[in-house]
Amino acid sequence: MTRSIRADFPILEREIDGHPLVYLDNAATTQTPRPVYEVFEEYFTGYNANVHRGIHTLSHEASVAYEEAHDRLAKFVGASGGRKEMIFTKGATESINLVAYGLGLNELEPGDQIVTTEMEHHASMVTWQQVAKKTGADIEYIRVTEDGHLDVEHAKSLIGPETAILSVVHVSNVLGTINPVEALAAMAHEHDAYVVVDGAQSAPNRPVDVESMGADFFAFSGHKMAGPTGIGGLYGKQAILEEMEPFLFGGEMIRHVTFTRSSWNELPWKFEAGTPPIAEGIALAAAADYLEAIGMDAIAAHENELAQYALEALEARDDVTTYGPPLGEERSGLVAFNVDGVHGHDLSSLLNDRGIAVRAGDHCTQPLHDKLDIPGSVRASFYVYNTTEEIDRLLEAIDDAPAKLEAYLRSGRYHERLVDHHENPRNAGGLEDATLVKSSEETSCGDDGEFHVDVTADGTIEDVAFESESCAVSSAVASILSTELVGMTVEEVADLEGMIVDHLEGQYPSLRHECVVGPEDVIRTAAQEYLETLER
């Protein structure tokens, strides 16, 4: 079956630097099959027009197809209310924001409680944090156990009379854990709380029935389920959506407008302001057709089989640490892991050299990685077209990874100065009583390191040191900076722009650009913040 499925994805025939592509980054974005992307050509060559209110054939055809796409996605997630319970959004992030601001911002007040989990994606966690700040509501997190599960007993202790909203991820994008959403929803509904489910990692790979799981809202993204980017969905119970305030205002979502008041359109258009993603919505319905033709149960089984295969092989290695539920327990098709002595960004580069695409970093779950006490992880995630042979290529590529990293850095792709500072780092370690300390965790560079800087009374940098759990490239750059910045003024450091790129003469792979410029961004931010404190 997998061979015939792969034929629908021409991109899988691509080579990267002479190696056949092995695409294992599906938890971020899946590839799109012919029957889905061909929808765009059909639409734009056949009936491209705006939907609704157009009294001509093309508009009518586009409107019918777009409306039927809502019905199709409602059926896909088990919503019996059809299109009235299916809102098209840009993706799961916008779907969660729609609920948070349309419902939470209008109904929450001090004393109310939002309950969510320690394994939430930033799209959910950050959104509810902001709503809590604006409303005065409290936010509590259900703990994650050492084996990657939600602590159900802790959930029972948190969910109570003050709970107004429970927001829970259905499947973890790092651990692969399939959460007991139905049981958690039942607890929340005992206290009349709303239940919001992040289904970004479950809608693509397993049967979903929003009504049986007890979801009041269910968010998902098209690009993770063989569909296009820029489109997703929000299921919401019709009775709740009818009472909710719109999140966005403008054309399409209105029924009647005067100079003094407006009234809203019927569902779901009430929540779809402006010209919608018409082609994308129709293509998303085609993606649902494609996946259900394979069978959602079959997809779940295939993903679990691949995950178990990879997990067993990785756990057999002394130099590998894996995260999430133990071998033998069903999980979604992903495994997050780390290899001793090799940072995830470096390992991702080594794998890319062999045509293997994985994800490395915190996967938009920084608090979860803090809980695991790791700066990040490497994530191999699988989908309907992946095979055990591809996993074997991954396993072979990480054999003796530290030695492969040294050879990779000395391959001539990196400037000799960077290689030198990697092999012989300068000024590694902290400074006692440093004038200023800046951690890369406080920035968006994605690494884990810290600069310590001594500044004289006249504003001259006297000494610089660094501590790093970052990748080899960023650590080497931090070493270079620790030597170059001494003698400069804080003002000069605050204006740094491109020093490292110039020093390395642009000699490094473009895919490592952020690793190269990240430490410079950190130290520049540190200097700017230091000057701001002097001005106060």
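The structure under discussion appears in the preceding block.
Model, not experiment: these values are computed from the prediction.

Asker: For this particular structure, what's the right way to read the environment of Y385?
Answerer: Relative to the assigned elements, Y385 resides in the loop between β17 (377-381) and α14 (388-397). The class of Y385 is buried, set by a relative accessible area of 0%. The spatial distance from the C-alpha of Y385 to the C-alpha of I5 is 6.1 Å, given a sequence separation of 380 residues. Residues within four places of Y385 in sequence aside, it is in contact with T2, I5, R6, F9, L12, Y23, N26, T30, Q31 and E390. A distance of 2.9 Å separates a polar side-chain atom of Y385 from the backbone nitrogen of Q31.

Asker: Sorry, what's going on with the sheet that holds strand β18 (residues 436-439) here?
Answerer: Within a sheet, neighbouring strands are paired by backbone hydrogen bonds and run either parallel or antiparallel to one another. As summarised here, the arrangement of the three strands in space is β18-β19-β20, forming an open sheet in which the pairing is antiparallel. Each of the sheet's edge strands pairs with one partner strand only, and the pair in question is β18 and β20 (461-468). Within this sheet the neighbouring strands show an average axis-to-axis angle of 15 degrees, counted without direction. The pairing of β18 with strand β19 (residues 449-455) spans four bridges and is antiparallel. If you follow S439 over to β19, its bridge partner there is E450. Set on the sheet, helix α20 (residues 513-535) makes contact with β18 and β19; between it and β18 the angle comes to about 140 degrees.

Asker: Got a minute to help me understand the side chain of D198 in this structure?
Answerer: Mapped onto the secondary structure, D198 falls in strand β8 (residues 194-198). Among buried Asp, Glu, Lys and Arg side chains, D198 stands out as unpaired, with K224 the closest opposite charge at 8.4 Å.

Asker: Is there a simple way to think about the sheet that holds strand β6 (residues 138-142) in this case?
Answerer: Reading across the sheet, the seven strands line up as β4-β10-β9-β8-β7-β5-β6 and stay open at both edges, with mixed pairing between neighbours. If you trace the sheet from one side to the other, it starts and ends with β4 (86-89) and β6, each paired once. The mean inter-strand angle of the sheet, taken between neighbouring strand axes irrespective of direction, is 20 degrees. Here strand β5 (residues 113-117) pairs with β6 via five bridges, running parallel. Looking at β6, one finds that T116 is bridged to Y141. In the packing of helix α3 (residues 57-76) onto the sheet, the strands contacted are β4 and β9 (217-221), and the crossing angle to β4 comes to about 110 degrees. The strands touched by helix α5 (residues 122-135) within the sheet are β5, β6, β7 (163-169) and β8, with β6 carrying the most contacts at an inclination of about 155 degrees.

Asker: Which parts of the structure should I look at to understand helix α15 (residues 401-409)?
Answerer: Restricting attention to buried positions, one finds in α15 the residues A401, L405, Y408 and L409. The buried residues of α15 occupy one face: seen down the axis, they fall within an arc of 90 degrees. Buried positions along α15 lie against β14 (334-339), α12 (344-352), α16 (416-423) and α17 (472-484).

Asker: Sorry, what's going on with the environment of L431 here?
Answerer: Locating L431 in the fold gives a position in the loop between α16 and β18. Between the C-alpha atom of L431 and that of H452, which follows or precedes it by 21 residues, the distance is 5.9 Å. Leaving out residues up to four positions away in the same chain, L431 has contacts with H452, V453, D454, D463, V464 and A465.

Thresholds applied
- In this numbering scheme, every chain counts its residues from 1 along its sequence in written order.
- A pLDDT threshold of at least 70 governs which residues receive local features in this predicted model, and a stricter bar of 80 or more applies before side-chain atom pairs are shown or counted, although totals over entire chains, interfaces and linings include all residues.
- No hydrogens and no water enter the side-chain calculation; it runs on all heavy atoms of the structure.
- Secondary structure elements follow DSSP: runs of H or I no shorter than four residues count as helices, runs of E no shorter than two count as strands, and numbering proceeds from the N terminus.
- Think of it in three bands: with a 1.4 Å probe and only protein chains considered, a residue is buried below 20% of the maximum accessible area for its type, exposed above 50%, and partly exposed in between.
- Contact definition: two residues touch when any of their heavy atoms are within 4.5 Å.
- Any pair of nitrogen or oxygen atoms within 3.5 Å is treated as a polar contact; in protein, a donor-acceptor pairing is required on top of that, and neighbouring residues in sequence qualify only through side-chain atoms on both sides.
- By definition, two strands form a pair when at least two bridges between them are found by DSSP.
- Axes here mean lines fitted to C-alpha atoms, for a helix over just the part in contact, with angles spanning 0 to 180 degrees between N-to-C directions.
- None of His or the chain ends enter the tally, which takes Lys and Arg as positive and Asp and Glu as negative.
- By salt bridge we mean one thing: a side-chain nitrogen of Lys or Arg within 4 Å of a carboxyl oxygen of Asp or Glu.
- By definition, the arc is the one covered by directions from the helix axis to the C-beta atoms.

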